[in-house]
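Coordinates in review
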Amino acid sequence: MGDSSTLRHLLLSLLVVLLSISAVRSFFGRLMIPDPPDRPRIKRSPDLPLRFNHDGTFKILQVADMHYARGIGTRCRDVTPSEFAHCSDLNTTRFLRRMIESEKPDFIAFTGDNIFGSSSTDAAESMFAAFGPAMEARIPWAAILGNHDQESTMSREELMLFISLMDYSVSQVNPPLTSIDGFGNYDLRVNGAFGSDLVNSSVLGLYFLDSGDRSTVEGVRGYGWIKESQLAWLRGASEALQNVKLNNEWNTLHKCEVPALTFFHIPIPEVRQLWFKEIVGQFQEAVACTSFDSGVLHTLVSMGDVKAVLLGHDHLNDFCGEMDGIWFCYGGGFGYHAYGRAGWHRRARVVNIELKRGEKTWLGVQRIQTWKRLDDANLTKFDEQVLWDVAAR
Ligand SMILES: *[C@@H]1O[C@H](CO)[C@@H](O)[C@H](O)[C@H]1NC(C)=O
Ligand SMILES: *[C@@H]1O[C@H](CO)[C@@H](O)[C@H](O)[C@H]1NC(C)=O
Ligand SMILES: *[C@@H]1O[C@H](CO)[C@@H](O)[C@H](O)[C@H]1NC(C)=O
C-alpha cells in the first residue's frame, strides 16, 4: 500500500508541475508576454519565517469567498441593475488590489471558495487570476478550500498541491508523514520583530483546516466538517507551539503567551447560538453547516491558545461573536460572482496583531484587533474591535 501511494503522489506531483507550467504559459501567453521556452520555472518564495514588522505589528487580510471564475466574461451576482452592466470578476480583482494598497497587509489568508468551480472552465487559470494580486504584490499568502473550489477541472488534492506551488504561497497540502482527512491542513508560525530578542522565536500561531465540501458519511446529509484526525493533528501542532514557548527561557521570564488564530471555511454548528448573543457586525442568514458536532469547539477551547477563528461560507454574515473565550468571525462576502445582497457592499476583514512594547525591545503579542472595509469609494472602515488583549486577562 505504501508503494502505490508513493507512486500516486509522485505521479500527481509530476502532473501538477506540468499543469502549472502549461497554465503559466497560457496565462502569460494571453497577456502577450513572451515565455522563454525550455527554462524551468522556479517558484518564488517569500522570506521565511513570517515575522512581525519593525513597528511591532503583523497585519492579516482575510479574503472570504471570491468565487472567481473566468475573469471579464463572468457576470456579477446580486448587484444593483445599474451596476450589473459593467461588473465581472475583474471587480473582485480590483477590490483585492485596492485592499492591498490601502492596508498593506503582511499576509493574506484566502478562506475558501476562492474559485467558483462550476463557472470555471480551467481551475488553474481561475486560480492564477484570483490569487494574482497577492502574487503581484509579493505578499506571502495562504489559502484553504471551500465547498465550491473543486467543481471544475481539479480535485481538492490537486488544487491544494497547485496552490502550494504558486508564487509567494506558503500554503501546504497537509503536514508531512501524517494520515489526515482533507487537503489543506497546516500550521504557520510568526516570529518576533527583527532586532528584538524574539527574532528567532515563534510568537503567534496560524492554523489552517480543511472543512471539506459535502458530507461523505452515509445517513448524514449536507456540508462537510472537520474530522477527528484533523483535530488530533491540531492538538499536536498547538502543543508543539506551546512547548517552544516553554522551552524559551525568555518567554517564561516575561510570562508571554503565544496566541493563535484558526482559519477554516464552513462554520461549526455552535456558531448558530451566536444569534442569541451580543455580536459585532451583521447576522443576516442562517449558518449553513452540518448539525453534526465533531468536537471542534471543545478541542479549540482545550488547546487554550486559539483566540479567534476566521470563517467564510455565509456571505451575508460578517459578524464576530464570542463563545467560551474564542471569537468566531466571518469575513463577509468578497467576490462579485458570489451571492450577496444588491446594495450591500462586498467587504473584507483585517486582523491586526500588535506586540507588547518592552523597555528596549518588542516582547510577545499584546493585542489582536479586527475591522472590516467595504468596497465603496472610500473603502470605508467599520466594526473595529479588540478580540484579545493580554492586559485584559
Ligand atoms: C466594476 O468595475 C467597473 C470598472 O472599473 C466600474 O465601473 C464599476 O462601477 C464596478 N462595479 C462595482 C459593482 O463595483
Ligand atoms: C537569531 O538567529 C541568528 C541566526 O542563527 C543569530 O545570528 C542571532 O544571534 C539570533 N538572535 C537572537 C536574538 O537570538
Ligand atoms: C468618501 O469621502 C468623501 C470625503 O470625505 C465624502 O464626501 C464621501 O461622501 C465619501 N463617500 C462614501 C461612499 O462614503
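Residues numbered from 1 in each chain as written. Chains lettered and ligands numbered in written order. Predicted model: local features only at pLDDT ≥ 70, side-chain atom pairs only at ≥ 80, totals over all residues.

Looking at an unreviewed UniProt entry, one finds the chain named Inactive purple acid phosphatase 28 and attributed to Acorus calamus. We quote the UniProt Cofactor (unreviewed entry) comment for the chain here in full: "Zn(2+)". As stated in UniProt under Subunit (unreviewed entry), the record for the chain gives "Homodimer." (UniProt positions renumbered as here; feature names shortened; annotations may be inferred.)

So, on to the overall build of the chain. Along the chain, the regular secondary structure elements total 8 helices and 13 strands. Residues counted as buried form 47% of the 393 residues belonging to the chain. (Helix = DSSP H or I, 4+ residues; strand = E, 2+ residues; numbered from the N terminus. Buried ≥ 20, exposed ≤ 12 C-beta atoms within 10 Å, placed from the backbone.)

What follows deals with the site of ligand 3. Around ligand 3, the neighbouring residues are Asp376, Ala377, Asn378 and Thr380. Across the shell around ligand 3, the residue classes break down as 1 nonpolar, 2 polar and 1 charged. (Near = placed C-beta within 6 Å. Nonpolar A, V, L, I, M, F, W, Y, C, P; charged D, E, K, R; others polar.)

This brings us to the sheet that holds strand β12 (residues 362-374). Spatial ordering of the open sheet is given by β4-β3-β2-β11-β12-β13, a layout of 6 strands whose pairing is mixed. Here the strands that pair on one side only, and so sit at the sheet edges, are β4 (141-144) and β13 (381-389). Strand-to-strand twist of the sheet, defined as the mean angle between neighbouring strand axes without regard to direction, takes the value 20°. Alignment of strand β11 (residues 347-357) against β12, held across 10 bridges, turns out to be antiparallel. Paired with valine 351 across the strands is threonine 370, a residue of β12. (Pairing = 2+ DSSP bridges. Axes fitted to C-alpha atoms, helices over the stretch in contact; angles between N-to-C directions.)

Strand order in the open sheet formed by 7 strands is β1-β5-β6-β7-β8-β10-β9, with mixed pairing between adjacent strands. Among the strands making up the open sheet, the edge pair consists of β1 (50-51) and β9 (320-323). Where β1 and strand β5 (residues 186-191) come together, 2 bridges link them in parallel fashion. Following the sheet pairing, arginine 51 is matched in β5 by asparagine 191.

The terminal C-alpha atoms of helix α3 (residues 89-103), which comprises 15 residues, lie 21 Å apart, in line with the 21 Å expected from a rise of 1.5 Å per residue. Of all the residues in α3, the buried ones are Asp89, Thr92, Thr93, Phe95, Leu96 and Met99. In an axial view of α3, the angular spread of the buried residues amounts to 160°, which keeps them on one side of the axis. Contacts from the buried residues of α3 go to β2 (57-63), α4 (123-136), β11 and β12. Looking one or two places after α3, you find lysine 104, whose phi comes out positive at around 45°. (Expected span 1.5 Å × (residues − 1). Arc of directions from axis to C-beta. Contact = placed C-beta atoms within 7 Å.)

With that settled, the discussion passes to the environment of phenylalanine 264. Inspection of the secondary structure puts phenylalanine 264 in the loop between β7 (260-263) and α8 (296-303). Counting along the chain gives 55 residues from phenylalanine 264 to leucine 209, while the straight-line C-alpha distance between them is 5.2 Å. Not counting residues within four places of it along the chain, the set of residues in contact with phenylalanine 264 comprises Ile144, Leu209, Ser211, Ile226 and Leu311.

Once that is clear, we can look at the pairing of β11. Sheet topology note: the β2/β11 ladder contains 6 bridges and is antiparallel. When the sheet's bridge partners are listed, isoleucine 60 is paired in β11 with valine 351.

Attention shifts here to the packing of α3 against α4. At a minimum axis distance of 9 Å, the contact between α3 and α4 shows a crossing angle of 20°. Classified by the angle their axes make, α3 and α4 are roughly parallel. Both α3 and α4 take part in a crossing whose hand is right-handed. Two secondary-structure elements touch here, α3 through Asp89, Thr93, Leu96, Arg97 and Ile100 and α4 through Ala129, Gly132 and Pro133. For the contact of α3 with α4, a count of residues per class yields 4 nonpolar, 2 polar and 2 charged. (Parallel < 35°, antiparallel > 145°, perpendicular 65-115°, else oblique. Left-handed = near helix turned anticlockwise from the far one by under 90°.)

Our next topic: the nonpolar core. Side chains of nonpolar character tend, in soluble globular proteins, to be buried together. Membership of the largest hydrophobic core comes to 98 residues, with the highest contact counts inside it found for Val63, Met127, Leu204 and Ala308. For this core, the element with the most residues is α4, which contributes 8 residues. Not counting chain neighbours up to four residues away, the residues in contact with valine 63 comprise Leu96, Ile108, Phe110, Gly331, Phe334 and Ala348. (Core = buried A, V, L, I, M, F, W, Y, C linked by C-beta atoms within 7 Å.)

In this section: the pairing of strand β6 (residues 202-208). The element β6 is extensively covered by neighbouring structure, given that 7 of its 7 residues are classed as buried. Strand direction decides the pairing type here: β5 and β6, joined by 6 bridges, are antiparallel. Residue pairing in the sheet places asparagine 191 in a bridge with serine 202 of β6. As paired elements, β6 and β7 share 4 bridges and run parallel to each other. Looking across to β7, one finds that phenylalanine 208 is bridged to phenylalanine 263.

Negative phi values dominate among residues other than glycine, just as trans dominates among peptide bonds. Look at the link from leucine 48 to proline 49: it is a cis peptide, with omega at 0°. Among the secondary structure elements, proline 49 is positioned in the loop between α1 (2-30) and β1. Of note, the phi angle at aspartate 324 is positive, near 50°, even though the residue is not glycine. Residue placement: aspartate 324 occurs in the loop between β9 and β10 (326-330). Look at aspartate 324 and you get exposed, because 9 C-beta atoms sit within 10 Å. Even without being a glycine, aspartate 383 presents a positive backbone phi close to 50°. Turning to its location among the elements, aspartate 383 is positioned in strand β13.

A word on α4. Compared with the 20 Å implied by 1.5 Å per residue over 14 residues, the 19 Å span of α4 between its first and last C-alpha is a close match. Maximal helix bending in α4 amounts to about 45°, located at alanine 130; proline proline 133 follows within four positions. With 11 of 14 residues buried, α4 is to be regarded as a mostly interior element. Inspection of α4 places Ala123, Ala124, Glu125, Ser126, Met127, Phe128, Ala129, Ala130, Phe131, Pro133 and Ala134 among the buried residues, and these make up the whole buried set. Trailing α4 by a residue or two, arginine 138 shows a phi angle of about 55°, which is positive. (Bend = angle between axes of the 7 residues up to and from the residue.)

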